[in-house]
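Listed below, chain by chain, are the residues.
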Amino acid sequence: MTMEAFQRAMCDLTASPDLCIALLKSPEEVLGRYDLSDRDRRRLLEVVQQPGMLVNCSLYRANRLSPIYNLVPHTCFLLGDALLDEATEFWQGFKETRLQFHEEVKQFGAFLRRRVEMGFLQIPMLAEVLEYELALNEFRYTPRLDVLARLELNKTVAGESKRVQLHPLIRVLLFRHEPRRLLEFLDERRPPPYELAEGEFWVLLDGKGEEVETKLIDPGVGRLLKAIEAGTSLSLSADDVEVLMEADLTV
Amino acid sequence: MTDSNQSGIVQDGFGSVPTLGVGLLYNAALPDFVRSNLDAFDYLAITPDLFWLDYGPGHPDRYEELESWIETLDWVAANRPIVSHNIGLSIGNAGSLDVAYLDQIARFQHRYKFPWHSDHLSFAQVRGASGNDYNAGLAVPIPYDTEMLDLITARVRLVKQKIPIPFLLENSVYFVDFPEQDMSEPEFLNRLTQNSRCGLLLDLHNLYTNARNHGFDAFTFLDQVDLASVLEIHIAGGDEFAGMYTDSHAGPCPELVWELLDYAISRTPNLRGVTFEFHFSYYPLMGERGVRTQLDRARAVWARRTPANKIQ
């Protein structure tokens, strides 16, 4: 048991500079939380005083931040100085991270979404850029050929018509700012200007090909596809359905 | 199949392992490079964990392959040998060993015919208070104690049973020094390779990093390790971070790493490959030419191997 406890204590300390400080101030209180041998206790007390523990703590944070930065870079850019505080807050509730970070980035996205909705984060354009990057990530980890093959198979075995659903490799997103210019600025790592045109802009992401295609679509079509995506009950004419199917937007 | 080595220790299965030459550790920046620079490397080392999504222990379809990554891998595998450098075994974890992960590595080995595979002498998973294992956030070095030696030795045996090809463990970087360890790092490595019959993946940049941060002589370290257990050598670059030198794989190798490679190359009779590794985010700085320069330089050192270690 003591080896397991030692490793857990070592990892807890690496994840929390505050815990390292607490250990220095009140060793008995902190070490008492773990089932440790006397040697383990001496070791932990010694290593938190070494400069290398600061490196461990910094690397831990860098290792958890860098996948977030790689997978939602524009969101991180817009967060700016708030990124580290938001990530730290997120980690408080998401300690048991996994080696593969796609799930963690998804969870971080959901955390930011809640923070925006609750009004804790009031950064212009953050919400729409976040949704855009999360959708791109979803495509990055979707087995595209597998999905297409399954759809093809379903086509041949499907008998009666079912309710219209959005194609699994299509996403529709609502932007409140002109998306093309907004994304151009972010691609160049420049803060988007405040005078960016505002309005109702619908963007369609098409992940059926090797590269994800992004295009602006008519607001009416955008609203319709969003309603289909949400599973809203719609009274579509047979002609409407045929148009959507032929455009390969629904299944 | 067994080989005798300089110290009289017998290693399993090295004799049948092909000598590959100079390799490159694959990363996210390299799909175009590997297709247009096939002549630059003799083999490709991969971190298999990057080629799939892992939904975690207990998930019915735990592993899902990433199509575009697999496509590139299949292409390279048709043209060059592949070796596997795993990151998910967490062999020093005091909790349980992830046997399903090992089965997944075995499936990949069967498919890509790795002549050997490797992982790190550390733990990256830790048993949480909930009873589940979670990621430690970095590869945490192990204390060089007898208890740890026994744990890892038993696990190496299991790995070798499941995947009957040579299995190597890589010497770690450490930023803190655990006091009161039962043995020194070279002694631990020697006893581990002797007791478990695993090979050693000698990471010269890790050694350089430790020597620089902790003030010991890297060449003396090499003299103390049984180099006959080394099948593969890693070389890389690093940089300063938070007041210490780190193994960040930041671009080209420091000069001293090249000197260490020069020193080690004629003292490793079972060496089968030298792998250059870098972090994908440094590719824009290094460029195609920068990567080729490192590989060419490694090849020049490789050509200076003594006749003794060319006879394989």
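Because the structure is predicted, anything quoted here is derived from the model rather than measured. (Residues numbered from 1 in each chain as written. Chains lettered and ligands numbered in written order. Predicted model: local features only at pLDDT ≥ 70, side-chain atom pairs only at ≥ 80, totals over all residues. Heavy atoms only, no water.)

Our focus in this paragraph is the pattern of salt bridges. Residues and elements named next belong to chain A. Summed over all chains, the structure comprises 27 salt bridges over all chains. Across the pair Glu 138 and Arg 171 runs a salt bridge, and its minimum N-O distance is 2.6 Å. Of this pair, Glu 138 sits in helix α9 (residues 126-140) while Arg 171 sits in strand β1 (residues 170-177), and the two are 33 residues apart along the sequence. In this structure, the salt-bridge partner of Asp 146 is Arg 150, at a minimum N-O distance of 3.3 Å. Within this pair, Asp 146 and its partner Arg 150 are both found in helix α10 (residues 144-157), separated by 4 residues, close to a single helical turn. (Salt bridge = Lys/Arg side-chain N within 4 Å of Asp/Glu carboxyl O. Helix = DSSP H or I, 4+ residues; strand = E, 2+ residues; numbered from the N terminus.)

This part is about the sheet that holds strand β4 (residues 43-46) of chain B. All names here are of chain B. If you walk around this closed barrel you meet the 8 strands as β3-β4-β7-β8-β11-β12-β13-β16, and the pairing is parallel. Averaged over all adjacent pairs, the angle separating strand axes in this sheet is 25°, with direction ignored. Strand direction decides the pairing type here: β4 and strand β7 (residues 82-85), joined by 3 bridges, are parallel. In the strand pairing of β7, Leu 44 is matched with Ile 82. (Pairing = 2+ DSSP bridges. Axes fitted to C-alpha atoms, helices over the stretch in contact; angles between N-to-C directions.)

Glancing now at the packing of helix α5 (residues 51-71) of chain A against helix α7 (residues 82-93) of chain A. Residues and elements named next belong to chain A. Across the interface, α5 lies against α7 with an axial gap of 11 Å and an inter-helix angle of 110°. When the interaxial angle is binned, α5 and α7 end up roughly perpendicular. Of the residues in α7, those touching α5 at Arg 61, Arg 64, Leu 65 and Tyr 69 are Leu 83, Leu 84, Ala 87, Thr 88 and Trp 91. (Parallel < 35°, antiparallel > 145°, perpendicular 65-115°, else oblique. Contact = heavy atoms within 4.5 Å.)

Further remarks concern helix α4 (residues 38-47) of chain A. Structural remark: α-helix, 3.6 residues per turn; residues separated by three or four positions point the same way. All names here are of chain A. Among the residues making up α4, those that are buried are Asp 40, Arg 43, Leu 44 and Val 47. The buried residues of α4 all sit within an arc of 95° when viewed along its axis, so they share a single face. Looking at the buried positions of α4, the neighbouring elements they touch are α1 (2-15), α2 (17-25), α3 (27-31) and α5. (Buried < 20%, exposed > 50% of the residue type's maximum accessible area, 1.4 Å probe, protein only. Arc of directions from axis to C-beta.)

The next point concerns the sheet that holds β1(A). All names here are of chain A. Overall, antiparallel pairing links the 3 strands, which are arranged β1-β2-β3 in an open sheet. With one partner strand each, in any of the chains shown, β1 and β3 (213-217) form the two edges of the open sheet. Put simply, the sheet's adjacent strands are angled 30° from each other on average, direction ignored. With 7 bridges joining them, β1 and strand β2 (residues 198-206) adopt antiparallel strand pairing. Looking at the pairing, Ile 170 lines up with Asp 206 of β2. Across the sheet, α9 is in contact with β1, β2 and β3; its angle to β1 comes to roughly 165°.

The next subject is the packing of aromatic side chains. Applying the stated criterion to the full structure yields 21 aromatic pairs over all chains. Arranged with centres 5.7 Å apart and planes meeting at 65°, the rings of Phe6(A) and Phe178(B) form a pair that is edge-to-face. Highlighted residues: Phe6(A) in helix α1 and Phe178(B) in the loop between β11 (167-170) and α5 (185-196), drawn from two different chains. For the pair shown, Phe6(A) and Phe178(B) are each scored as buried. A network of ring pairs unites the aromatic residues Phe90(A), Phe94(A), Phe108(A) and Phe111(A) as a single cluster. Looking at Arg267(B), its charged tip hangs above the ring of Tyr263(B), at a distance of 3.6 Å from the centre. Above the plane of the ring of Trp302(B) lies Arg305(B), whose end atom (NZ or CZ) is 3.9 Å from the centre. (Phe/Tyr/Trp six-rings, centres within 6.5 Å; stacked < 30°, edge-to-face > 60°. Lys NZ or Arg CZ within 6 Å of the ring centre and 35° of its normal.)

This part is about the confidence of the model for chain B. When the pLDDT values of chain B are averaged, the result is 92; 94% of them are 70 or greater. Taken together, the stretch residues 1-10 of chain B has pLDDT below 50 and engages in 28 contacts with residues farther than four places along the chain or on a different chain. (pLDDT = per-residue confidence, 0-100.)

All right, on to the nonpolar core then. Ranked by size, the top nonpolar core spans 110 residues in total, and within it Leu24(B), Leu204(B), Ile233(B) and Ile235(B) carry the most contacts. Apart from residues no more than four positions distant in its own chain, Ile233(B) is found in contact with Leu201(B), Leu202(B), Leu204(B), Leu261(B), Ala264(B), Leu271(B), Gly273(B), Val274(B) and Thr275(B). (Core = buried A, V, L, I, M, F, W, Y, C linked by side-chain atoms within 4.5 Å.)

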